[in-house]
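The lines below spell out each chain.
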Amino acid sequence: MIQISNLSKIYSDVTVLNIDSLTIPQGESFGLVGNNGAGKTTLFRLILDLIPANSGEVMLDNAPVARRDEWKSLVGSFLDEGFLIDFLTPEEYFKFVGKLYNKSEGDIALFLEGMKDFFNDEILGDKKLIRDLSKGNQKKVGIAAALISDPKILILDEPFTALDPSSQIRLKRLLNELQEKDHVTMLISSHDLNHVTEVCKRTVVLEKGKIVRDIQTGEDTLKELESYFAV
Amino acid sequence: MNYMIIIDLQKQDWKKIFRAKGFYKSLSVKLLMGFMGVYFASIFLFLGFFLGDILNEVSETLKPLEVFNGATLYMLLAALTIRFFMQQLNTVNLPAFQSLPVKRSTLVNFLLLKPAFSFGNYMTLLVIIPFAVKSVFAYYTGAIALRFVLNFILLIWFDMWIAAYLKRRFGSSLLTLPVILIVLGGLAALEYFKVFSLFEVSRQFFNLLIFNPAGLLLTAAAAGLAYVLNLWFFSRNYYPEKFNEKLKLNDSRVTGGFSFLDRFGVTGELISLQIRLIFRHKRTKSLVYMSAIFLAYGLLFYNSPMYKDQPGWLFFCAMFMTGILMLMYGQWVFSWESSYFDSILTKNIPVKTYMNANFYLLVAFNIISFVLTTPYFFFGTKIIYLHLAAFLFNTGVNIFLLLFFGSFNIKRVDLNARSSFNYQGTTYKSFLIVMPIMFLPMIIVGIISAFAPMNVALAVLAAMGLLGIIFREPLLRLCVNQFNKRKYLMAEGFRDKA
């Protein structure tokens, strides 16, 4: 589903990302961990064609992403607040994004019905604008908007931060469901090793732009990761 | 004690300006703004020195001061209108002070006195003081000249506080603008047809005020009353929600769905998103008000004998008016959406569709401005040709220039920044883009009409516009390629909040 070859990104002579080869097959849940500055967001931005690579390329569904439009219909993503249109109400935003993916009003209403649990009655129905929501609720709006298109590939950067404990549990449940039922390919980054091992079948550790561990999640994964990051 | 804190607060406010991120960055823009400031200041001074002579021409029987007094009420009303729509209400970062032992009344007083310390409010004195020295002192006494200036300052304060009160009390909505313009127009018409002369009322009233030593007390009382009105407003509305007004979403007329756009699919969605963007931010809304005011530009130009035989200038004016919304909004095309640009790039929006949406939005702006300027057709058939050619040129040439060069604006536009006369997000590049659009066609018309009738020049520009409209697909594709090349730089620049 996702193939990355010889990908590198250099900012003013510093190589911030350098990946020789990485393949993520369809339906895999791929977790990305690493300390600040390891290159997680850079990798996601390269996959989403938000920054140009210095070398190499990213292929989604056997087609390169750079300066193309075709891949956009397959991918749902939420990296940061730059993905939100903050002067809309959440409803307006969902409707806007839904329409981009040819969803009817009925589809959108049905989808939001399914999100009711995750939203915890706090997001819909108020006439509040997204910019007036709390950080946690903004994050929920962004994640839901990434899901509205029934994406084949889902990319989320730090989805668990700023969420309250109940919402974290609900999100984990939601992501696991998406894997089992719809076989969505997922790329999720997190600072919390617990979350990653609970959601992802495969965990990759980035350090200074390089892949230093590539682990199939098992019983010892958490321990292995903890010992890796121990100082 | 109380006023000491106010002075401290005022100092902090100035520091805020000088220590703002990016204050030292765009020196070129600041220089340009500085030059413009000097330019306008010198024009004001110039006007001040010759205002007496100008007013002497206006009336043979009345002295300049009397003419000025007659116009004062009109000026007050006009200034009030402009302030009501353009002036941003002063706000204060309340939470930062709430925990400190600062009295609420101190904060309120600071909030109200703040504009009185703003230089911009006193720009008009550059006209008034030379006029007072040259034309009031000359006819009357120094004391009267002094009273005249003091009276004017008090009137500025009165206007400033009344406008702030009205705005706090009623908020500003798009609908009030036409109402106010109709009222002002009505007063002018009554004056013109000699039914009721506000001029006469104003003249006698202000004559009385200025020639009477105690007259100033009345103006001072009026300014004081306006101030107290604001105090009263704040005492009624204690909590900061009312202090720093917020957008209320009950206005579904302009903010709700645009169902007629539904049938245009994703393009329609993108257009209705931008319309909502415009109506939900003060900065963009004030752009619309400004455009409405600039539509009156033709009254100056087309009536003036000076420009009658200047085809270049006439075309400039026509192009400016029939394209005002396009020029105002289009010079920051793409940048308006900088806060969610990553979303535009990653959601299912083909770049071609995005470009089409921007193109049709600007075309719609042109059609609106064109229709609004049709009353000028009464000025003669020449104006009809002029406007048609300008409309075609705007639509067929200028839009593509804006869409092509728009990708060079890579500075984040902060939609929530101060509204009017806001140059945040401006770089010298913005000027480089707009300059050729404004002046190139004017030069073309000027050159052609030096050798041939003006209509030939208009036909040439109209033909250029038509060609652009006919070949819009390849032209748009050119813009798409340009966008694809520049999009990484744009996205990077837009992410930078500094």
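From a predicted model like this one, the values you see are computed outputs, not experimental measurements. (Residues numbered from 1 in each chain as written. Chains lettered and ligands numbered in written order. Predicted model: local features only at pLDDT ≥ 70, side-chain atom pairs only at ≥ 80, totals over all residues. Heavy atoms only, no water.)

### Observations regarding the overall build of chain B
Consideration 1: Of the regular secondary structure elements, chain B holds 23 helices and zero strands.
Consideration 2: In chain B, which comprises 498 residues, the proportion classed as buried is 49%.
Consideration 3: Within chain B, contacts between residues separated by at least 24 positions form 81% of all contacts whose residues are at least 6 apart in sequence.
Consideration 4: As displayed, chain B offers around 25000 Å² of accessible surface, 72% of which is attributable to carbon and sulfur atoms. (Helix = DSSP H or I, 4+ residues; strand = E, 2+ residues; numbered from the N terminus. Buried < 20%, exposed > 50% of the residue type's maximum accessible area, 1.4 Å probe, protein only. Contact = heavy atoms within 4.5 Å. Areas by Shrake-Rupley, 256 points an atom, 1.4 Å probe, with all protein chains shown as cover.)

### Section: the overall build of chain A
Consideration 1: The number of helices and strands found in chain A is eight helices and ten strands.
Consideration 2: Taken against the 2.2 N^0.38 rule, which gives 17 Å for 231 residues, the C-alpha radius of gyration of chain A at 18 Å falls within 12% of a compact globule.
Consideration 3: Taking the principal axes of the C-alpha coordinates as reference, chain A spans close to 45 × 40 × 35 Å.
Consideration 4: Within the span of chain A, comprising 231 residues, buried residues form 54% of the whole.
Consideration 5: Across chain A, contacts joining residues at least 24 apart in sequence account for 65% of those joining residues at least 6 apart. (Rg over C-alpha atoms; globule rule 2.2 N^0.38 Å.)

### Details of a negative patch on the surface
Consideration 1: Taken together, the side chains of Asp 117, Asp 121, Glu 122 and Asp 164 of chain A present a region of like negative charge at the surface.
Consideration 2: Tracing the backbone through its elements, the reader meets Asp 121 of chain A in the loop between helix H4 (116–119) and helix H5 (135–147). (Patch = residues over 30% accessible without salt bridge, like charges linked within 9 Å, V, L, I, M, F, W, Y side chains within 5 Å. Salt bridge = Lys/Arg side-chain N within 4 Å of Asp/Glu carboxyl O. Lys, Arg positive; Asp, Glu negative; His and termini not counted. Charge placed at Lys NZ, Arg CZ, Asp CG, Glu CD.)

### Points about the interface of chain A and chain B
Consideration 1: With 33 residues of chain A in contact, the opposing surface of chain B contributes 33 residues.
Consideration 2: Both faces considered, chain A and chain B share a buried interface measuring about 3300 Å² in area, 55% of it formed by carbon and sulfur atoms.
Consideration 3: Applying the counting rule to chain A against chain B returns four salt bridges.
Consideration 4: We note a salt bridge from Glu 92 of chain A to Arg 280 of chain B, for which the minimum N-O separation is 2.8 Å.
Consideration 5: Applying the counting rule to chain A against chain B returns 13 residue pairs in polar contact (both at pLDDT 80 or more).
Consideration 6: Take the side of chain A that touches chain B: its biggest share by element is six residues, from helix H2 (residues 90–100) of chain A.
Consideration 7: When its residues are assigned to classes, the side of chain A that touches chain B shows 17 nonpolar, four polar and twelve charged. (Buried area = accessible area lost by both parts, 1.4 Å probe. Polar contact = N/O pair within 3.5 Å; in protein donor to acceptor, adjacent residues only side chain to side chain. Nonpolar A, V, L, I, M, F, W, Y, C, P; charged D, E, K, R; others polar.)

### Observations regarding the pairing of strand S6 (residues 75–78) of chain A
All names here are of chain A.
Consideration 1: Across the two faces of S6 the burial is the same, with Val 75 and Ser 77 and Gly 76 and Phe 78 all buried.
Consideration 2: The sheet contact formed by S6 and strand S7 (residues 153–157) spans four bridges and is parallel. Among the inter-strand pairings, Ser 77 is bridged to a residue of S7, identified as Ile 155. (Pairing = 2+ DSSP bridges.)

### Focus on the nonpolar core
Consideration 1: Ranked by size, the top nonpolar core spans 132 residues in total, and within it Leu 175 of chain A together with Leu 403 of chain B carry the most contacts.
Consideration 2: The biggest single contributor to this core is helix H19 (residues 351–372) of chain B, with nine residues.
Consideration 3: Setting aside chain neighbours within four positions, we find Leu 403 of chain B in contact with Val 333, Phe 334, Met 355, Asn 358, Phe 359, Leu 362, Leu 476 and Cys 479 of chain B.
Consideration 4: Membership of the second largest hydrophobic core comes to 36 residues, among which are Phe 131, Ala 132, Ile 210 and Phe 233 of chain B. (Core = buried A, V, L, I, M, F, W, Y, C linked by side-chain atoms within 4.5 Å.)

### Structural notes on unusual backbone geometry
Consideration 1: In this structure, Asn 120 of chain A is a non-glycine residue whose phi angle is positive, near 55 degrees.
Consideration 2: Positionally, Asn 120 of chain A belongs in the loop between H4 and H5.
Consideration 3: The exposure class assigned to Asn 120 of chain A is partly exposed, which follows from its relative accessible area of 35%.
Consideration 4: In this structure, Lys 194 of chain B is a non-glycine residue whose phi angle is positive, near 55 degrees.
Consideration 5: Inspection of the secondary structure puts Lys 194 of chain B in the loop between helix H8 (176–192) and helix H9 (198–211).

### Quick look at the pairing of strand S9 (residues 202–207) of chain A
Residues and elements named next belong to chain A.
Consideration 1: Of all six residues in S9, five are buried, a share of seventy percent or more.
Consideration 2: Of the strand pairs in this sheet, strand S3 (residues 29–33) and S9 are connected by four bridges, and their pairing is parallel. Of the residues in S9, the one forming a bridge with Phe 30 is Arg 202.
Consideration 3: With six bridges joining them, S9 and strand S10 (residues 210–216) adopt antiparallel strand pairing. When the bridges of S10 are listed, Thr 203 appears paired with Ile 215.

### Topic: the side chain of Thr 81 of chain B
Consideration 1: By the secondary structure assignment, Thr 81 of chain B is in helix H3 (residues 64–86).
Consideration 2: Setting aside chain neighbours within four positions, we find Thr 81 of chain B in contact with Ile 180 and Leu 184 of chain B.

### A word on the environment of Leu 432 of chain B
All names here are of chain B.
Consideration 1: Summarising the element assignment, Leu 432 is placed in helix H21 (residues 428–451).
Consideration 2: Assessed through its relative accessible area of 54%, Leu 432 is described here as exposed.
Consideration 3: For the pair formed by Leu 432 and Phe 405, sequence separation is 27 residues and the distance between their alpha carbons is 9.4 Å.

### Examining the pattern of salt bridges
Consideration 1: All told, the structure shown has 18 salt bridges over all chains when counted by the stated rule.
Consideration 2: Here Lys 99 of chain A makes a salt bridge to Glu 105 of chain A, at a shortest N to O gap of 3.3 Å.
Consideration 3: Residue classification places Glu 105 of chain A among the partly exposed positions, given a relative accessible area of 45%.
Consideration 4: Two residues, Glu 200 of chain B and Arg 203 of chain B, come together in a salt bridge whose shortest N-O distance is 2.8 Å. With a gap of three residues between them, Glu 200 of chain B and Arg 203 of chain B both fall in helix H9, about one helical turn apart.
Consideration 5: A relative accessible area of 30% places Glu 200 of chain B in the partly exposed class.
Consideration 6: For Arg 203 of chain B, a relative accessible area of 14% corresponds to the buried category.

### Some words on the sheet that holds S9 of chain A
Residues and elements named next belong to chain A.
Consideration 1: As summarised here, the arrangement of the six strands in space is S6-S7-S8-S3-S9-S10, forming an open sheet in which the pairing is mixed. With one partner strand each, in any of the chains shown, S6 and S10 form the two edges of the open sheet. Adjacent strand axes in the sheet meet at a mean angle of 15 degrees, parallel and antiparallel pairs treated alike.
Consideration 2: Sheet analysis places S7 next to strand S8 (residues 185–189), joined by five bridges and oriented parallel. Of the residues in S8, the one forming a bridge with Leu 156 is Ile 188.
Consideration 3: Lying over the sheet, helix H8 (residues 221–229) contacts S3, S9 and S10, oriented at roughly 155 degrees with respect to S10. (Axes fitted to C-alpha atoms, helices over the stretch in contact; angles between N-to-C directions.)

### Here we look at the sheet that holds strand S2 (residues 14–24) of chain A
Residue and element names in this part refer to chain A.
Consideration 1: One open sheet holds the four strands; their spatial order is S2-S1-S4-S5, and the pairing between them is antiparallel. Here the strands that pair on one side only, and so sit at the sheet edges, are S2 and strand S5 (63–64).
Consideration 2: Relative to strand S4 (residues 55–60), strand S1 (residues 2–11) is paired through five bridges, and the arrangement is antiparallel. Counted as the bridge partner of Gln 3 is Met 59 from S4.

### Overview of the confidence of the model for chain A
Consideration 1: Per-residue confidence for chain A averages 92 on the pLDDT scale, and 100% of its residues sit at or above 70.
Consideration 2: Within chain A, the lowest mean pLDDT, 89, falls on H8 of chain A, and the highest, 96, falls on S7 of chain A. (pLDDT = per-residue confidence, 0-100.)

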